[in-house]
Amino acid sequence: MSVMQTSQATARELLRPEVLARIRNLDLVARSVVEGFLIGLHRSPTFGFSQEFAEYRAYTEGDDPRFIDWNVYARTERTYIKRYLGDTNSHLMILTDASASMGFGGPPVSKLRYAQFLAASLAYLANRQHDAVGCMIFDEQVRDYRAPSTRAGRLQSVLHCIDHAEARIGTKFDKPFDKFREQVTRRGLVAVISDFYCDTEKLLAGVRPLAWQGQDVVLFHLLDDQELAPDVDSNVLFEDLETGEAVEVAPAFMQEIYPARMRSHIDSLATAAAGIGADHVLVKTSDSLDQALRNYLLFRQRRK
Amino acid sequence: MSFLAPWFLLAALAVGLPFWLHRLQTQSAERRPFSSTMLLETTARQVHVRKKLKYLFLLAFRITLLVLLALIFAQPIWTRALPGPLQQARATHLVLIDTSASMQRNDAFDRAIVAAREAIESIPNGDLLQVVSADDRVHVASDLAADKANHRAAVAALEASALRLDFGSAMTALDRLAADLPPPVQLHFVSDFQDSGMPVRFADLAGSSIAELIPHRIATDEQFNWQVEYAQARAADVDVGVLGTGTPAGATSVRLRLNDQPVAQDEVAATGRHVLTFSDLPLEPGDNRLTVTVAADDDLAIDNEWYSVIENAPPAPVPLITTNRAGLAATYLEAALRADPGANYRVASMVIGDADFRTLSRYRWALVDDLGAIGGDLEATLVAFLENGGSLLAFAGRGRSTSGQLPVSTHAVRPTAVGGGDDEYLTIGQIDTGHPLLAETEGWQQVNVTRNLAIDIQDGDEVLIRLEDDTPFLLERRLGQGRLLLLTAGLDNQWNDLPLRPVFVGFIVAAARYLSGAERSSKAYTTGDALPLSLLGGVSGQVVDPDGNSILSLADTTREQQVRLEQPGIYEVYTPQGDYLVAVNTDPRESSAAVITAEALDRWVASMAGQERRGPTAQVQNEPATLELWHALLFILVLLVIGESILGNLFLRPRTEL
């Protein structure tokens, strides 16, 4: 086995949720995920991501002075910006659902914790590509908000915002999304991470205006394995984490009818998302994070 | 339907167990939090209801099983009157069982129970029957009926007591009971027929309502018994009387326990009456518990112990109202009270004009050496003292010896009848020996009276002693709730020589007991006696029996005046005025081995025979047919057990089929 293969195997280990669950620092999680992901990533322009030098561009007002190549300036006394392949200088807004239903799942990680890993990794990846990153934590209302920015320390602020999200009360998409539209004026990428336990029409009512505003929306539909295939061998009284409603169901229902309903719900969401030009990505909490990041890069590549 | 052992029905309370178990089963649906019930639908209800019905069926099965088990142990019987005409009851039978203390001798009571059962069986079917027991009272043990099963159960429930049976009083009570029964009444008397139970008058045994006495004698021959007859305390010494009858050779030990601690032991030889003296017992202040035990494995155990309470209190003060603290009166009275330790009083002189007499109310009784010297406020104080329940022993001294009216008593004083000179004197003429004060005093005839106050007798006066010229010498007068004893002579040894005579000591000690109320209260009782709480200083109180159980309920503690003492031992009495101990012993007459002679018993039987009382005859149902049901119930129980096992196996399988 070569050194490269060993390194890739170790990096893949780091992308597994049960491994990440042991790391308390979200910043470290994001760094581990992205670095591990990048190690395992084949260099390919198809994915639109690379650290390969592309060109110099004259510095113009508004550019981040950090990217000025001071070596060139020393030789030519002119300011140039160094650009790489994959740099898009775009905006990424990560909208994370922190309703009570997101607290479900695990071990090793609940849906919310997985969503935090994913959001942090996306933020870290985007920041590494010099994209402006912002985030919004919402349930029935906007609970926390960080506007997109490339300023130094913004990533830490975003990670802090994501890390402090807690699962509570119910979910509504219309009100938080309206609020979000009022805040964002510039076009960019919008990643929504949620379990989407809501009526499809109501979700579309919140997402459709974003699409019309010109935002490129990707819906990360996050579900636990127990939601997709519940392990039930006797009568169970299920208690809704958001409403408190209790429903007693038989094992036969959970093994036959419920999976079909869930499949139908996922399909309807995917269809609805496609209808408004948004992407729908189904993510399971047992999946390693590289799959989600890969989907993100594909999505980003398509929208470039 | 009735039960032979109905107490086993209480076991049916165990049905709570399956209820509890099935309650747990109904809560079997596991509660589990879930992210959203949006896609769920209640689907288990029908399945659950069906399951619940199964569980209810199994629950009913198990409850029936337990109830049936309790029923089997309770031994149900089905009684059914046989068809046919009503029988004419030929006679009414009273089965009387002696439950007195003497029946505890060896296996006498067990044999009495057997004899009573045989007597019941010997009674012709259809005759009315009632079971009664007798100790110092007659108790009805079963209702009048022809059904013998209930009477057998009533006989089995009887127990021997520690009380004494007097045949006279028992027969009187039975005669009253028999008067209400359909004649003729036959009395089956099961007893050891102790001679000590016979009444003084043989006529008391005869009754007008009982037609026939059928004695069932329980033989108690060749008896071996030790008995403690008494324990008499004298200060720190105790005399113990022990009697052995039919005892084998060899010494037996007598042990003393004082306040539950062994303090002394002695031995007595076999047979006969012995008096043992135990000296210098380590008495504690107040009441001391004394238990005397004869360590013998004899026929009758209940009389092997004797309980006694020894008081160890300092002499109580009794006020002497006098004009001279160092006078002869004080000397005579002090000497007399000290002469008998049983009196336990000492004289506390209160000089007229010097002492504060408002403190009189603290005392139960007081002495006055010269009633004539009382006057003014002191007279009013003494009258109030008497009216409020105090007692006074007053001597009429020289104060108003010639004329006028005596203070307090208000007797008119006439000129002195005696007194011509020192050589003239009168002696005692009449003494009321029936009065408790004078019942045990002797020697009054030796008293010479040279002078006394001649007073006019008033209504309510009770003259206890008269001189030979018929003038009153000692009288008692009730004033309010108190009593006044008035001696119409002084104590100065000039008008009479009473203080110098031996009778004076006995008189003063008896007066102390009589006036203080100590004579009416006692700390030694016999089983069956009533303990009057009021005489021990309290209107009410609580009494704790020798086993440590409170006899009176909380409500009774405020109103119960008398408590019946049925158990030998030391009782604790708590009253608002103080706490006391009371010793209760079995009547020593119950230990007597002597029985009624065959001739006397025949005479008793003969005296009852032929006493026909006419009255309505009774008609009773035929002797009912009795069917025991437990066999059938046991068969059903076995079927139920099998059924429960099958159902339980079916219903309680792991619920994987859902």
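Not measured: the values here are computed from a predicted model. (Residues numbered from 1 in each chain as written. Chains lettered and ligands numbered in written order. Predicted model: local features only at pLDDT ≥ 70, side-chain atom pairs only at ≥ 80, totals over all residues.)

Caption draft 1: Region of interest: the overall build of chain A. Across its full length, chain A holds 11 helices and 10 strands. Across the 304 residues that make up chain A, the buried fraction comes to 39%. Sequence separation of at least 24 residues holds for 77% of the intrachain contacts in chain A that already meet a minimum separation of 6. (Helix = DSSP H or I, 4+ residues; strand = E, 2+ residues; numbered from the N terminus. Buried ≥ 20, exposed ≤ 12 C-beta atoms within 10 Å, placed from the backbone. Contact = placed C-beta atoms within 7 Å.)

Caption draft 2: Geometry of the interface of chain B and chain A. Of the residues lining the interface, 21 residues belong to chain B; the matching set on chain A comes to 26 residues. Secondary-structure elements contributing two or more residues to the side of chain B that touches chain A are β2 (30–34) and α2 (45–74) of chain B. Residue contributions to the side of chain B that touches chain A peak at 5 residues, all from β2(B). Across the side of chain B that touches chain A, the residue classes break down as 9 nonpolar, 7 polar and 5 charged. Looking at chain direction, strand β8 (residues 236–240) of chain A and β2(B) are connected through 5 bridges and run parallel. Paired with A:Leu237 across the two strands is B:Arg31, which belongs to β2(B). (Nonpolar A, V, L, I, M, F, W, Y, C, P; charged D, E, K, R; others polar. Pairing = 2+ DSSP bridges.)

Caption draft 3: Just unusual backbone geometry, in detail. Geometrically, the link from B:Pro183 to B:Pro184 is a cis peptide bond, its omega value of -5° lying close to zero. In this structure, B:Pro184 sits in the loop between α5 (167–179) and β8 (185–191). You will see that A:Glu77, though not glycine, has its phi angle at about 55°, which is positive. Note that A:Glu77 resides in the loop between α4 (70–76) and β2 (80–84). Overall, the presence of 7 C-beta atoms within 10 Å leaves A:Glu77 in the exposed class. Unusually for a residue other than glycine, B:Asp260 sits at a positive phi of about 70°.

Caption draft 4: Spatial organisation of the packing of helix α5 (residues 111–128) of chain A against helix α6 (residues 154–163) of chain A. All names here are of chain A. In contact at an axis separation of 10 Å, α5 and α6 are set at 170° when each is read in the N-to-C sense. In terms of their interaxial angle, α5 and α6 are classed as roughly antiparallel. Contact residues: α5 offers Gln116, Ala119, Ala120, Ala123, Tyr124 and Asn127, while α6 offers Leu155, Val158, Leu159, Ile162 and Asp163. In terms of residue class, the contact of α5 with α6 is made up of 8 nonpolar, 2 polar and 1 charged. (Axes fitted to C-alpha atoms, helices over the stretch in contact; angles between N-to-C directions. Parallel < 35°, antiparallel > 145°, perpendicular 65-115°, else oblique.)

Caption draft 5: Structural detail: the confidence of the model for chain B. Residues and elements named next belong to chain B. Put simply, chain B has an average pLDDT of 81, and 86% of its residues get 70 or more. Scored below 50 in pLDDT, residues 617–621 makes 18 contacts in the model with residues more than four places away or belonging to other chains. In the predicted assembly, ipTM is 0.75 and pTM is 0.47. (pLDDT = per-residue confidence, 0-100.)

Caption draft 6: Spatial organisation of helix α8 (residues 502–516) of chain B. All names here are of chain B. Taking 1.5 Å of rise per residue, 15 residues should cover 21 Å, and α8 covers 22 Å from first to last C-alpha, within 8% of that figure. Taken across its 15 residues, α8 has 11 buried, putting it largely inside the fold. Residues Phe504, Val505, Phe507, Ile508, Val509, Ala510, Ala511, Ala512, Arg513, Tyr514 and Leu515 constitute the buried set of α8. Positive phi shows up at Gly517, right after α8, with a value of about 85°. (Expected span 1.5 Å × (residues − 1).)

Caption draft 7: Fine view of the environment of A:Ala119. Residues and elements named next belong to chain A. Position of Ala119 among the secondary structure elements: in helix α5. Here the alpha-carbon distance between Ala119 and Leu293, two residues 174 residues apart in the chain, equals 9.9 Å. When residues no more than four places from it in sequence are discounted, the contact partners of Ala119 are Ile94, Thr96, Cys135, Ile162 and Ile193.

Caption draft 8: Spatial organisation of the nonpolar core. One finds A:Leu118, A:Ala123, A:Ala191 and A:Phe220 to be the most contacted residues of the largest nonpolar core, which totals 76 residues. For this core, the element with the most residues is α5(A), which contributes 12 residues. Setting aside chain neighbours within four positions, we find A:Phe220 in contact with A:Leu118, A:Ala191, A:Val192, A:Ile193, A:Val281, A:Val283 and A:Ala292. Counting 64 residues, the second largest nonpolar core, distinct from the first, contains B:Leu392, B:Leu474, B:Val505 and B:Tyr514. (Core = buried A, V, L, I, M, F, W, Y, C linked by C-beta atoms within 7 Å.)

Caption draft 9: Here's a closer look at the packing of helix α7 (residues 174–183) of chain A against helix α8 (residues 200–212) of chain A. Residues and elements named next belong to chain A. Look at α7 against α8: their axes get within 9 Å of each other, and the N-to-C directions meet at 5°. With respect to each other, α7 and α8 are oriented roughly parallel. The segment α7 lies against α8, with Asp174, Phe177 and Arg181 engaging Lys202, Ala205, Gly206, Val207, Pro209 and Leu210. For the contact of α7 with α8, the residue count by class is 5 nonpolar, 1 polar and 3 charged.

Caption draft 10: Representation of the pairing of strand β20 (residues 391–395) of chain B within the structure. All names here are of chain B. Within β20, 5 of the 5 residues are buried, which leaves the element mostly enclosed by the surrounding structure. Alternating positions in β20 separate into two faces, Ser391, Leu393 and Phe395 on one and Leu392 and Ala394 on the other, with burial throughout. Pairing of strand β19 (residues 365–368) with β20 involves 4 bridges; the strand directions are parallel. Among the inter-strand pairings, Val368 is bridged to a residue of β20, identified as Ala394. Pairing between β20 and strand β28 (residues 482–487): 5 bridges, direction parallel. Within the sheet, the bridge partner assigned to Leu393 lies in β28 and is Leu485.

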